[in-house]
Amino acid sequence: IFPTTIKNVDLYNNVAPPLLNAFLNGFNATVLAYGQTGSGKTYTMGSEAHTANWRDDNILNDNDGLIPRFISGMFQSLIQRREEAEKALLQSVDGDKERPASSLVDFQVS
């Protein structure tokens, strides 16, 4: 239970990192918002984050809830994992002159 004054970013930082890590390792992850009508469940979870609030630089704003933050964190983690795998692959074939490392890597992020 968190105080009513907690900001979405602070709530996210308190509950999401272990769930995100577990999710990316193949486990189910659930966050449940429970409360009476008008208590802020929709705002907290993030369905109040409309595309009109979306910025071109993909930076979350203060009103974005847990779901947009989780999705953003998921993609950031996947990009980081891809970069780490690419680096490990390049290091593992560095001495193989018959097959250049660049030919083994075919990743794109759009």
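Cut-offs and rules
- Residues numbered from 1 in each chain as written.
- Predicted model: local features only at pLDDT ≥ 70, side-chain atom pairs only at ≥ 80, totals over all residues.
- Heavy atoms only, no water.
- Helix = DSSP H or I, 4+ residues; strand = E, 2+ residues; numbered from the N terminus.
- Buried < 20%, exposed > 50% of the residue type's maximum accessible area, 1.4 Å probe, protein only.
- Contact = heavy atoms within 4.5 Å.
- Phe/Tyr/Trp six-rings, centres within 6.5 Å; stacked < 30°, edge-to-face > 60°.
- Expected span 1.5 Å × (residues − 1).

Visitor: Hey, could you run me through the overall build of the protein chain in this one?
Guide: In terms of regular secondary structure, the protein chain is built from three helices and zero strands. Expressed as a percentage of the 110 residues in the protein chain, the buried residues total 20%. Considering only intrachain contacts with a sequence separation of at least 6, the fraction spanning at least 24 residues in the protein chain is 42%.

Visitor: How should the packing of aromatic side chains be read in this particular structure?
Guide: Geometry of an aromatic ring pair is reported as the spacing of the ring centres plus the angle between the planes. This model, assessed by the stated rule, comprises one aromatic pair. Measuring from centroid to centroid gives 5.7 Å for Phe-23 and Phe-70, while their planes differ by 65 degrees, and the two rings are edge-to-face. Remark: Phe-70 occurs in helix H3 (residues 66-92) and Phe-23 occurs in helix H1 (residues 8-24); sequence separation between them is 47 residues.

Visitor: Looking at this model, I keep getting lost on H3. Mind explaining?
Guide: A turn of α-helix holds 3.6 residues, and therefore any two residues three or four places apart point the same way. Between the first and last C-alpha of H3 there are 38 Å, a value that for 27 residues agrees with the 39 Å anticipated at 1.5 Å per step. Considered for burial, the residues of H3 that qualify are Leu-66, Pro-68, Arg-69, Phe-70, Ser-72, Gly-73, Met-74 and Ser-77.

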